[in-house]
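Topology and contacts: notes
The lines below spell out each chain.
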Amino acid sequence: MADRSRPGDPAPYFETHVFACVNERPAGHKRGCCKSRGAEPLRNYMKARAKELGLDNVRINQSGCLDRCELGPTMVIYPEGIWYSYHSVEDAEEIIQRHLIKGERVERLMLRPEDKRPEDRLVKAEQ
């Protein structure tokens, strides 16, 4: 994606913005939802941890559906546009330490546009 900033644009209010999906769908929905996979406490942990670490230039928000429910819980970090699937406090802490603080990437947790649900990957591998 091209840089969309323009001369005269105001400086960003936050250097980094994390959107953590906490969307909830009805029980048994075929796509599932991030909330039922523990997204809310993970988002709360990240928000509290960022505050504890004094990451004043980082905003961690809950979001509605990011449309990658099957891979959840999911988050996207801007301005980089990096997507992650994270499942534990340890995953969240690694994202905080490596991505938010050091500017690195956590390759093992990154989502790519072509990533599918685990069961879809199994079917493709068997073909």
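Residues numbered from 1 in each chain as written. Predicted model: local features only at pLDDT ≥ 70, side-chain atom pairs only at ≥ 80, totals over all residues. Heavy atoms only, no water.

1. Some remarks on helix H1 (residues 39–52)
Taking 1.5 Å per residue, 14 residues should reach 20 Å; H1 reaches 20 Å between its end C-alpha atoms and fits that length. Taken as a whole, H1 has its buried residues at Ala39, Leu42, Arg43, Met46, Arg49 and Ala50. Seen end-on, H1 carries its buried residues on one side only, within an arc spanning 130°. Those residues of H1 that are exposed and angled more than 90 degrees off the buried face are Pro41, Lys51 and Glu52. Each element contacted by the buried residues of H1 is listed here: strand E1 (16–21), strand E2 (58–63), strand E3 (74–78) and helix H2 (89–101). (Helix = DSSP H or I, 4+ residues; strand = E, 2+ residues; numbered from the N terminus. Expected span 1.5 Å × (residues − 1). Buried < 20%, exposed > 50% of the residue type's maximum accessible area, 1.4 Å probe, protein only. Arc of directions from axis to C-beta. Contact = heavy atoms within 4.5 Å.)

2. Describing the pattern of salt bridges
A pair can form between side chains of opposite charge whenever their charged atoms are brought close. Using the criterion set out here, one finds eleven salt bridges in the structure. Two residues, Glu70 and Arg31, come together in a salt bridge whose shortest N-O distance is 2.6 Å. One end of the pair, Glu70, is in the loop between E2 and E3; the other, Arg31, is in the loop between E1 and H1, with 39 residues separating them in the sequence. Ionic pairing is found between Arg108 and Glu94, a salt bridge with its closest N-O pair at 2.6 Å. Linking Arg108 in the loop between H2 and strand E5 (110–111) with Glu94 in helix H2, this pair joins segments that are 14 residues apart in sequence. (Salt bridge = Lys/Arg side-chain N within 4 Å of Asp/Glu carboxyl O.)

3. Some thoughts on unusual backbone geometry
Cis geometry is found at the peptide bond from Gly72 to Pro73, where omega equals 0°. Across the junction of Tyr78 and Pro79, the peptide omega takes the value 20°, indicating a cis bond. Residue placement: Pro79 occurs in the loop between E3 and strand E4 (82–85). The backbone phi angle of Asp67 is positive, close to 65°, even though this residue is not glycine. Tracing the backbone through its elements, the reader meets Asp67 in the loop between E2 and E3.

4. Observations regarding the confidence of the model for the protein
In this model, the protein carries an average pLDDT of 88, and 91% of its residues clear a pLDDT of 70 or more. Taken element by element, the protein is modelled with least confidence in helix H3 (residues 118–126), mean pLDDT 47, and with most confidence in H2, mean pLDDT 98. Segment residues 121–127: pLDDT under 50, and two contacts once partners within four positions in sequence are set aside and those in other chains are kept. (pLDDT = per-residue confidence, 0-100.)

5. A closer look at the sheet that holds E1
Ordered in space as E2-E1-E3-E4-E5, the five strands form an open sheet in which the pairing is mixed. Edge positions in the sheet fall to E2 and E5, since each has one partner strand and no second. Pairing between E1 and E2: six bridges, direction parallel. By the bridge assignment, Val18 is partnered in E2 with Ile60. Contacting E1, E2 and E3, H1 runs over the sheet at an angle of about 165° to E2. (Pairing = 2+ DSSP bridges. Axes fitted to C-alpha atoms, helices over the stretch in contact; angles between N-to-C directions.)

6. Some words on the packing of aromatic side chains
This model, assessed by the stated rule, comprises two aromatic pairs. Seen from their ring centres, Tyr13 and Phe14 are 4.9 Å apart, and the 90° between their planes marks the pair as edge-to-face. Looking at Phe14, the relative accessible area reads 23%, which means it is partly exposed. On the basis of an interplanar angle of 65° and a centroid distance of 6.2 Å, the ring pair of Phe19 and Tyr78 is categorised as edge-to-face. A residue pair is termed long-range when its members are at least 10 positions apart, and Phe19 in strand E1 and Tyr78 in strand E3 qualify at 59 residues. Note on Tyr78: relative accessible area 37%, which makes it partly exposed. A cation over an aromatic ring shows up here: Arg68 above the ring of Trp83, its NZ or CZ 5.4 Å from the ring centre. (Phe/Tyr/Trp six-rings, centres within 6.5 Å; stacked < 30°, edge-to-face > 60°. Lys NZ or Arg CZ within 6 Å of the ring centre and 35° of its normal.)

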